[in-house]
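Coordinate inspection notes
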Amino acid sequence: MKRITALVLPVFFACLFAKAGNEGDVALWYEKPAAKWETGGLPIGNGRMGAMMLGGVEKDVIQFNEQSLWSGDNNWDGAYETGDHGFGAYRNFGELRLLFDRKLSVHDYRRSLNVATGLYQVSFSGAGGHYRREAFASHPDQVMVFRYVAGKEGKLSGRIGLWSAQGAATQVTGNTLQFAGIMPNQLRYAARVMIRHEGGSIAVTDSQLVFTNCTSLTLYLNARTNYKPDYNAGWRGADPLPVIERELAAAWAKTYAQLRTDHIKDVTALTGAARIDIGATPAALRALPTDMRRDQYAEGSADPDLEELLFRYGRYLLISSSRPGGLPANLQGLWNHSNNPPWASDYHNNINIQMNYWLAETTNLSACHQPLMDYIVAQAEPCRIATRKAFGAHTRGWTARTSQNIFGGNGWEWNIPASAWYAQHVYEHWAFTMDRAFLKSTAYPVLKEICQYWEDRLKPLPDGSLVAPNGWSPEHGPREDGVMHDQQLVWDLFQNYRDAAKALDIDRDYQAKVASLQHRLAPNKIGKWGQLQEWQEDRDDPDDQHRHTSHLFAVYPGRQISLTRTPELARAAIISLRSRSGNYGKNADKPFTAASTVGDSRRSWTWPWRCALWARLGEGEKAGIMIRGLLTYNILPNLFANHPPFQLDGNFGISGAMAEMLLQSHAGEISLLPAIPAAWKASGSFTGLRARGGFTVDCKWHNGKVISYQIRSSRPQKIKLRINGRLKEVMSAKSGR
Ligand code: FUC
């Protein structure tokens, strides 16, 4: 049996890369070490813990994180104080520092991150032969592993240090380095590294570990805190050290090859679940390192394989920073080398945390969505308390301020429809998975409670229609009643509630009540220049390029406005969206290009949102231009999305938006290739994308026309399918899901 596995696995992985035929299609690679952490570091992560790999030759610094290392007080409700106390911030955990004795003149340096397997590799040649380094963050074994191999025997000598970014002292004994400490907020943290060597010797000096004449070194790192996602437990659980020791001992007992194989198996099951092929890049361009390819792309080259890599990278980053049982991906995923990161590297809920998950269901990473569900449920109780304090002691339900942390903390500025937007995520998880148990136990109670919040809060206008009071089209308008963003979010919440209750066939009276509230909501309006209004008053400026497209929520990720069901509103949305990209008002006659989106509209996350909006509005060309805009203006050499500073919402979001160009499932139908640009049309395919209703879809096209497809679900079902310009009814095939 073992022998079969040994044979089958390499063949399996060879097949995995065979289609690509070029590592550059599945890997980011460079000919130099990273110049800077933020622009050049390559991220690995197992959902809970991660590291940035800088690839230094003589000095290799591995900066690492664990997603629960936060400062700040429990259940904070107030100003955005991001030091030791108050709201706090997501913190740097520490660094592993390897200093090699030998000064090398190095050639053939190559540093890469394979986003299909989650393997990071460095190789170069020097006096010690061909040096190889490899690293991965194992989810199944809960350790990060770093391996250093010299080409010739005994050529590795130097020192290893472990440094805590929170001030804990490092102890070194035998083959182990370790630190443990307590943050001012009483959060306990610890990290331990165990080192195995082949050849030579290791010894302890000056709180470092000295290695002499080794042929290989393998370092196993685990870091944890005693964070527990439980308000009633004061957000603290058991001491982290015993868990760290147990996990490290288990990993130590396995061979490197076993750890590596188990890691690759775990990651490829997720990365391989969905693929896209949108065209072929000329060989000369494909042969370039990633940073040079990105530069060429920014100069105007067509590089569909780089766009595919960006799609894969967003999925890789989610797999690496959001796994069941852990916390959701924050503004920086989980990679952070600062104790005072921008916006505390927190959870911002007026676009950012939502966008982090736009790819989760559609690109077949539903399990990676789970941390967001758990977070919503865990934070609800402190949010209820803060909501009652802000909105009255008798308020039912809850909402949140824009910035949230992991200890029930609400920081900067109330975002009144935040919880309605969160409710969309629990609903979508059900809509894509058809997991009835989840719907009943988790999604439904969240949806109902937030409906109650709005039932109490909506304000009647003299004509009897209802408005959300005191809203704020995020970060744009002044506070006022009935801003369209809020109206649309409440509509979406009510619709999601109604569909959930209907599916469960419960609470019929409340269903009727919510339906009548939804019916009375003050509707979307078309303004004087044909735009979809952002506010009740018709005062939108056609030359305004504000970054938020909050009033287009109803188009995406909402579902109130669609080309087929509300074509007039969809047309108005097109005008609004053109104006946000500098293609209306005084520039109405100029061509629509990535360059016309300027200033505040060039952000990490603006392009993906607009890309998905154009996709929903059936404009493939413009959606493609949004991908070009992101890659041209807001992507760093390591392909991190750059707000600036770097902020990963753009990476997650663009994968979700690209999926939306290829497959849509709203407005009562599944649509194949709803919005692809001319550049993708020649031929292409996708496999494993997901549609609402529990469907998995594969598709192949040629000259912009679908030539074959398969739609699978756990039991065959009738579907309305929009394909090659026609709407027809088909049956899904039975899958094993
Ligand atoms: C929202 C956005 C900003 C930034 C911040 C983290 O407030 O308006 O552009 O992304 O989140």
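The rules behind these values
Within any chain, residue numbers begin from 1 and follow the written order of that chain's sequence. A pLDDT threshold of at least 70 governs which residues receive local features in this predicted model, and a stricter bar of 80 or more applies before side-chain atom pairs are shown or counted, although totals over entire chains, interfaces and linings include all residues. In computing side-chain properties, one takes all heavy atoms of the structure into account and sets aside hydrogens as well as water. The numbering of helices and of strands both runs from the N terminus, where a helix is a DSSP run of H or I of at least 4 residues and a strand a run of E of at least 2. Radius of gyration: C-alpha atoms only; globule rule: 2.2 Å multiplied by the number of residues to the exponent 0.38. Working definition: with a 1.4 Å probe on protein chains only, accessible area under 20% of the residue-type maximum means buried, over 50% means exposed, and in between means partly exposed. The contact criterion used is simple: two residues touch if any of their non-hydrogen atoms lie within 4.5 Å. Per-residue and other accessible areas follow the Shrake-Rupley method at a 1.4 Å probe size, with only the shown protein chains counted as cover for residues. Pairs of strands are assigned from DSSP output, requiring at least two bridges between the strands. The predictor's confidence in any single residue is recorded as pLDDT, a number from 0 to 100. With axes taken as lines fitted to C-alpha atoms, and helix axes fitted only over the stretch in contact, angles between N-to-C directions fall between 0 and 180 degrees. The hand of a helix crossing depends on one turn: near helix anticlockwise from the far one by less than a right angle means left-handed, and clockwise means right-handed. Take the number of residues in a helix, subtract one, and multiply by 1.5 Å to get its expected span. As used throughout, domain bounds are those supplied by an automatic or database domain assignment. Here the quantity called buried area is the accessible surface, traced with a 1.4 Å probe, that two parts lose on coming together, added over both. Whether a residue is near a molecule or strand is decided by its heavy atoms; if any one of them lies within 4 Å of it, the residue is near. We define a polar contact as two N or O atoms separated by no more than 3.5 Å, with the added condition that, inside protein, one atom must be a possible hydrogen donor and the other a possible acceptor, whereas residues neighbouring each other in sequence contribute only through side-chain atom pairs. Gly falls in the polar group here, along with every residue not listed as nonpolar (Ala, Val, Leu, Ile, Met, Phe, Trp, Tyr, Cys, Pro) or charged (Asp, Glu, Lys, Arg). The rule for a salt bridge is simple: a side-chain nitrogen of Lys or Arg has to be within 4 Å of a carboxyl oxygen of Asp or Glu. Any two of the Phe, Tyr and Trp rings considered here, Trp counted by its six-membered ring, make a pair once their centres fall within 6.5 Å; the pair's planes then place it as stacked at under 30 degrees, edge-to-face at over 60, or tilted in between. Two axes are fitted around each residue, one to the seven residues ending there and one to the seven starting there, and the angle between them is reported as the bend at that residue.

A word on the overall build of the protein chain. Within the protein chain, the secondary structure is distributed over 17 helices and 31 strands. Since a compact globule built from 737 residues should have a radius of gyration of about 27 Å, the 26 Å found for the protein chain is in line with a globular shape. Seen through its C-alpha atoms, the protein chain measures out along the principal axes to roughly 85 × 60 × 55 Å. Here the protein chain holds 737 residues, and 63% of them are scored as buried. Nonlocal contacts in the protein chain, meaning residues at least 24 apart in sequence, comprise 66% of its contacts between residues at least 6 apart. A total of about 26100 Å² of accessible surface is found on the protein chain, and carbon and sulfur atoms cover 52% of it.

Our focus in this paragraph is the pairing of strand 9 (residues 143-149). Across the 7 residues of strand 9, 7 count as buried, placing the element largely inside the fold. In strand 9, alternate side chains face the same way, and those of Val-143, Val-145, Arg-147 and Val-149 on one face and Met-144, Phe-146 and Tyr-148 on the other are all buried. In this sheet, strand 16 (residues 216-225) lies alongside strand 9 in antiparallel orientation, the contact comprising 6 bridges. Residue pairing in the sheet places Phe-146 in a bridge with Leu-219 of strand 16.

In this model, the protein chain carries a mean pLDDT of 95, and residues with pLDDT of at least 70 account for 97%. Considering only residues more than four positions removed or in separate chains, one finds that residues 1-21, a stretch of pLDDT under 50, has 16 contacts.

Here the focus is the pairing of strand 10 (residues 156-164). Counting buried residues in strand 10 gives 7 out of 9 residues, a clear majority hidden from the surface. Pairing between strand 5 (residues 94-100) and strand 10: 7 bridges, direction antiparallel. Bridging from a neighbouring strand, Arg-97 pairs with Gly-161 of strand 10. Looking at chain direction, strand 10 and strand 15 (residues 208-214) are connected through 4 bridges and run antiparallel. Looking across to strand 15, one finds that Leu-156 is bridged to Cys-214.

Okay, the packing of helix 6 (residues 290-298) against helix 7 (residues 304-321) next. Contact geometry of helix 6 with helix 7 gives a least axis separation of 10 Å together with a crossing angle of 120°. When the axes of helix 6 and helix 7 are compared, the crossing they make is left-handed. For the pair helix 6 and helix 7, contact is made by Thr-290, Arg-293, Arg-294 and Tyr-297 and by Asp-305, Leu-306, Glu-307 and Leu-309, respectively.

Across its 14 residues, helix 14 (residues 567-580) extends 20 Å between first and last C-alpha, which sits within 8% of the 20 Å expected from 1.5 Å per residue. For helix 14, a buried count of 10 out of 14 residues is recorded, marking the element as mostly surrounded by other parts of the structure. Of the positions making up helix 14, those classed as buried are Leu-569, Ala-570, Ala-572, Ala-573, Ile-574, Ile-575, Ser-576, Leu-577, Ser-579 and Arg-580. Where the residues of helix 14 are buried, they touch helix 15 (606-616). Looking one or two places after helix 14, you find Gly-582, whose phi comes out positive at around 70°.

Read from one edge of the open sheet, 7 strands run 2-3-4-5-10-15-14, paired in antiparallel fashion. On the outer flanks of this sheet lie strand 2 (42-45) and strand 14 (201-205), each paired with one strand and no other. Going from strand to strand, the sheet's axes swing by 20° on average, the running direction of each strand aside. Pairing of strand 14 with strand 15, which is carried by 5 bridges, proceeds in the antiparallel orientation. Looking at strand 15, one finds that Thr-205 is bridged to Gln-208.

In this section: the domain arrangement of the protein chain. What the domain assignment lists for the protein chain is domain 1 (31-271) and domain 2 (367-521). One C-alpha centre belongs to domain 1, the other to domain 2, and the line joining them spans 39 Å. Across the contact, 20 residues belong to domain 1 and 19 residues belong to domain 2. Between domain 1 and domain 2 the total buried area reaches about 1500 Å² when both faces are included, carbon and sulfur atoms providing 63% of it. Broken down residue by residue, the surface that domain 1 buries against domain 2 is led by Asp-77, Phe-87 and Tyr-231, which jointly contribute 37%.

Close to the ligand lie Leu-331, Trp-343, His-348, Asn-350, Asn-352, Glu-475, Arg-547, His-548, Trp-605, His-643 and Gln-647, which account for all nearby residues. The contact in question runs from an oxygen atom of the ligand to an N or O atom on the side chain of Arg-547, over 2.8 Å. Note that an oxygen atom of the ligand is positioned 2.8 Å from one of the side-chain N or O atoms of Gln-647. When the ligand is considered free in solution it has 290 Å² of accessible area, and contact with the protein chains removes 98% of it. Considered class by class, the residues forming the shell around the ligand number 3 nonpolar, 6 polar and 2 charged.

The next thing to look at is the pattern of salt bridges. Counted by the stated rule, this structure contains 39 salt bridges. With a shortest N-O distance of 2.9 Å, Asp-141 and Lys-254 are connected by a salt bridge. Here Asp-141, found in the loop between strand 8 (129-138) and strand 9, pairs with Lys-254, found in the loop between helix 3 (240-252) and helix 4 (256-271); they are 113 residues apart in sequence, far enough to count as distant. Residue Arg-692 is joined to Glu-428 by a salt bridge in which the shortest nitrogen-to-oxygen separation is 2.7 Å.

Within this structure, the stated rule accounts for 36 aromatic pairs. With a centroid separation of 5.7 Å and 70° between ring planes, the pair formed by Phe-100 and Phe-211 is classed as edge-to-face. With Phe-100 in strand 5 and Phe-211 in strand 15, this residue pair connects regions lying 111 residues apart in the sequence. In this structure, Phe-100 and Phe-211 share a single accessibility class: buried. Ring centres of Phe-592 and Trp-614 lie 5.7 Å apart, and the angle between their planes is 85°; on these two criteria the pair is classed as edge-to-face. Taken together, the residues span a long stretch of sequence, with Phe-592 in the loop between helix 14 and helix 15 and Trp-614 in helix 15 at a distance of 22 residues. Among the residues examined, Trp-614 registers a relative accessible area of 0% and is labelled buried. What links up through ring pairs into an aromatic cluster is the set Trp-358, Trp-421, Phe-553, Tyr-556, Trp-605 and Trp-609.

Between its first and last C-alpha, helix 11 (residues 436-457) extends 30 Å over 22 residues, near the 32 Å set by a 1.5 Å rise per residue. Bending of helix 11 peaks at approximately 40° at the position of Ala-443, with proline Pro-445 no more than four residues after it. One side-chain oxygen of the residue at the start of helix 11 lies 3.2 Å from the amide nitrogen of Ala-437, identifying that residue as Asp-435.

Next up on the list: unusual backbone geometry. Omega for the peptide link from Tyr-556 to Pro-557 comes to 5°, which places this bond in the cis form. Considering the arrangement of structural elements, one finds Pro-557 in the loop between helix 13 (508-520) and helix 14. A cis amide bond, omega -10°, links His-643 with the succeeding residue Pro-644. Checked against the element boundaries, Pro-644 lands in the loop between helix 16 (620-633) and helix 17 (649-662). Positive phi values are uncommon outside glycine, yet Gln-142 reaches one of about 55°. Relative to the helices and strands, Gln-142 resides in the loop between strand 8 and strand 9. Residue Asn-364 is not a glycine yet carries a positive backbone phi of 65°. Asn-364 gets classed as buried once you look at its relative accessible area, which sits at 11%.

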